[in-house]
Amino acid sequence: MELPDYRHHRLRQNETWRRAVRETRLSVDDLVYPMFVTDGTGVRNSIESMPGIYQLSIDQVVEEAREAADLGIPAVLIFGVPDESTKDDLASPGYDPEGIIPMAIKAIKAACPDLLVWADVCLCEYTDHGHCGVLGTNGEIDNDATLPILSKMALTYANAGADAVAPSDMMDGRVGAIREVLDNNQHSLVPIISYAAKYSSSYYGPFRDIANSCPSHGDRKSYQMDPSNVDEAMREVDQDIAEGADIIIVKPAGSYLDVLWRVKENFGVPTAAYQVSGEYSMIKAAGQNGWLDQEGVMTESLLSIKRAGADLIITYFAKEVARKLKGSSGS
Ligand code: PBG
Ligand code: ZN
């Protein structure tokens, strides 16, 4: 019988060997935890499609932020869930200096000064029609009329003390527009984390449940990217970097690992992957049904994102992974 040329099993025979030759490691430093801020006090509204994730009033957001900081997570990303009755066609609750996001930023920074607070910048959480841009007379997205509103939101959050702003609207030219307004208002050191390659994805469903941000008519296909395209993602990223983006986001993550790989390879800029709500919910649901080992699949999904080149991973699993990493030497 012919013997094998090489025995790969030698370096796999026990955990110590496996640990010694492991190529990729998740670290708590990679994680960003998304949170949803709503009105009131003592509010923790659970949402069926996202087990373990809540709409939180500011006092509760602060508790969660503290927990994340204690676990060593470097950053949180916050989204606003304002009262439905305050939403309008110009997204005005989104740039109210007394609104939930500026108040949440101040409260989190007061409680956890070293935790980075990233503020999502988009209109869909604040418009009565749920689109990410303002609408023109025929109901079409008015890209250019949206830019000053996004800039005003970003400035409001920077004024409140946000460590970074993260525009997720996919309007053309918004990174440059936001950069200019921040620079002209003493915020030249506030980074812009751009959702440069954001696809029009069915994986966002549970997010729209929890953020109450489902468009009331139509879809987002005229401004978010077509899932078939990668070259186009490269042009989006190229443009955002030219306009001054500091970190590039690829979103979703798991079904777009090729995009992530190419972005990191080609541009070499700090690159974040957003493991979105649907990716989280699928793993949770299968785990709850006993169909999959939830912790195993969670770890594997995050490792694959890291292997594909992500420097940072925005994930609803952040606290869970951080807890797991605390109890081990990495995975
Ligand atoms: C909207 C926004 C979306 C997400 C973050 N910001 C989705 C959308 O286009 O409706 C999705 C995040 C997730 O699914 O976890 N600007
Ligand atoms: Zn939006």
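Everything below is about the structure shown above.
Fair warning: this is a prediction, and the values are worked out from it, not measured in the lab.

So, how was this worked out
Residues numbered from 1 in each chain as written. Chains lettered and ligands numbered in written order. Predicted model: local features only at pLDDT ≥ 70, side-chain atom pairs only at ≥ 80, totals over all residues. Heavy atoms only, no water. Helix = DSSP H or I, 4+ residues; strand = E, 2+ residues; numbered from the N terminus. Expected span 1.5 Å × (residues − 1). Buried < 20%, exposed > 50% of the residue type's maximum accessible area, 1.4 Å probe, protein only. Contact = heavy atoms within 4.5 Å. Pairing = 2+ DSSP bridges. Polar contact = N/O pair within 3.5 Å; in protein donor to acceptor, adjacent residues only side chain to side chain. Donors = N, O, S within 2.8 Å, 3.2 Å for Na, K, Ca; no water. Tetrahedral: all angles 85-135°; square planar, octahedral: opposite > 155°, others 65-115°. Salt bridge = Lys/Arg side-chain N within 4 Å of Asp/Glu carboxyl O. Phe/Tyr/Trp six-rings, centres within 6.5 Å; stacked < 30°, edge-to-face > 60°. Lys NZ or Arg CZ within 6 Å of the ring centre and 35° of its normal. Patch = residues over 30% accessible without salt bridge, like charges linked within 9 Å, V, L, I, M, F, W, Y side chains within 5 Å. Areas by Shrake-Rupley, 256 points an atom, 1.4 Å probe, with all protein chains shown as cover.

(A) Layout of helix 10 (residues 294-307). In a regular helix each residue adds 1.5 Å, so 14 residues correspond to 20 Å; helix 10 covers 20 Å between its end C-alpha atoms and thus fits that length. Restricting attention to buried positions, one finds in helix 10 the residues Gln294, Met298, Thr299, Ser301, Leu302, Leu303, Ser304 and Ile305. Structurally, helix 10 contributes buried residues whose contacts are with helix 8 (257-267), strand 9 (271-275), helix 9 (277-288), strand 10 (312-315) and helix 11 (318-326). In the stretch just after helix 10, glycine 309 is the one whose phi turns positive, near 120°.

(B) Up close: the pairing of strand 7 (residues 193-198). With six of six residues buried, strand 7 lies mostly within the body of the structure. Taken together, the four bridges between strand 7 and strand 8 (residues 247-251) define a ladder with parallel strand orientation. For serine 194, the partnering residue across the bridge sits in strand 8 and is isoleucine 248.

(C) Up close: the environment of serine 92. Checked against the element boundaries, serine 92 lands in the loop between strand 4 (75-81) and helix 3 (100-111). Between the alpha carbons of serine 92 and methionine 153 there is a distance of 9.0 Å; along the sequence they are 61 residues apart. Looking at serine 92, its side chain comes within polar contact range of the side chain of aspartate 88, at 2.3 Å.

(D) Spatial organisation of the coordination of the zinc ion (ligand 2). All of the protein donors around the zinc ion (ligand 2) are Cys122 (SG), Cys124 (SG) and Cys132 (SG); their distances to the metal are 2.2 to 2.3 Å. Each of the four donor atoms around the zinc ion (ligand 2) contributes to a set of angles spanning 95 to 121°, which defines the coordination as tetrahedral. Mapped onto the polypeptide sequence, the residues donating to the zinc ion (ligand 2) form the spacing pattern C-x1-C-x7-C. Of this pair, cysteine 122 sits in the loop between strand 5 (116-121) and helix 4 (143-160) while cysteine 132 sits in the loop between strand 5 and helix 4, placing them ten residues apart in sequence. With relative accessibility at 0%, the residue cysteine 122 sits in the buried group.

(E) Seen up close, the pattern of salt bridges. Tallied over the entire structure, the rule returns 18 salt bridges. Ionic pairing is found between arginine 179 and aspartate 246, a salt bridge with its closest N-O pair at 3.9 Å. One end of the pair, arginine 179, is in helix 5 (residues 174-183); the other, aspartate 246, is in the loop between helix 7 (231-243) and strand 8, with 67 residues separating them in the sequence. Here arginine 262 ties to aspartate 231 by a salt bridge, and the two come within 3.0 Å at their closest N and O atoms.

(F) Molecular detail of the packing of aromatic side chains. Following the criterion strictly, the structure yields nine aromatic pairs and no others. Look at tyrosine 199 and tyrosine 256: their rings are 4.3 Å apart centre to centre, the planes differ by 25°, and that puts the pair in the stacked class. Placement of the pair is tyrosine 199 in the loop between strand 7 and helix 6 (205-211) and tyrosine 256 in the loop between strand 8 and helix 8, with a sequence separation of 57 residues. For the pair formed by tyrosine 199 and tyrosine 256, the shared burial category is buried. Over the face of the ring belonging to tyrosine 95 we find lysine 152, whose NZ or CZ atom lies 4.3 Å from the ring centre. In this arrangement the basic side chain of lysine 251 is found over the ring face of phenylalanine 207, its NZ or CZ atom lying 6.0 Å from the centre.

(G) Structural detail: a nonpolar patch on the surface. Where nonpolar side chains cluster on the molecular surface, the patch consists of Tyr6, Leu11, Trp17 and Val21 and spans about 360 Å² of accessible area. Position of tryptophan 17 relative to the elements: it lies in helix 1 (residues 15-21).

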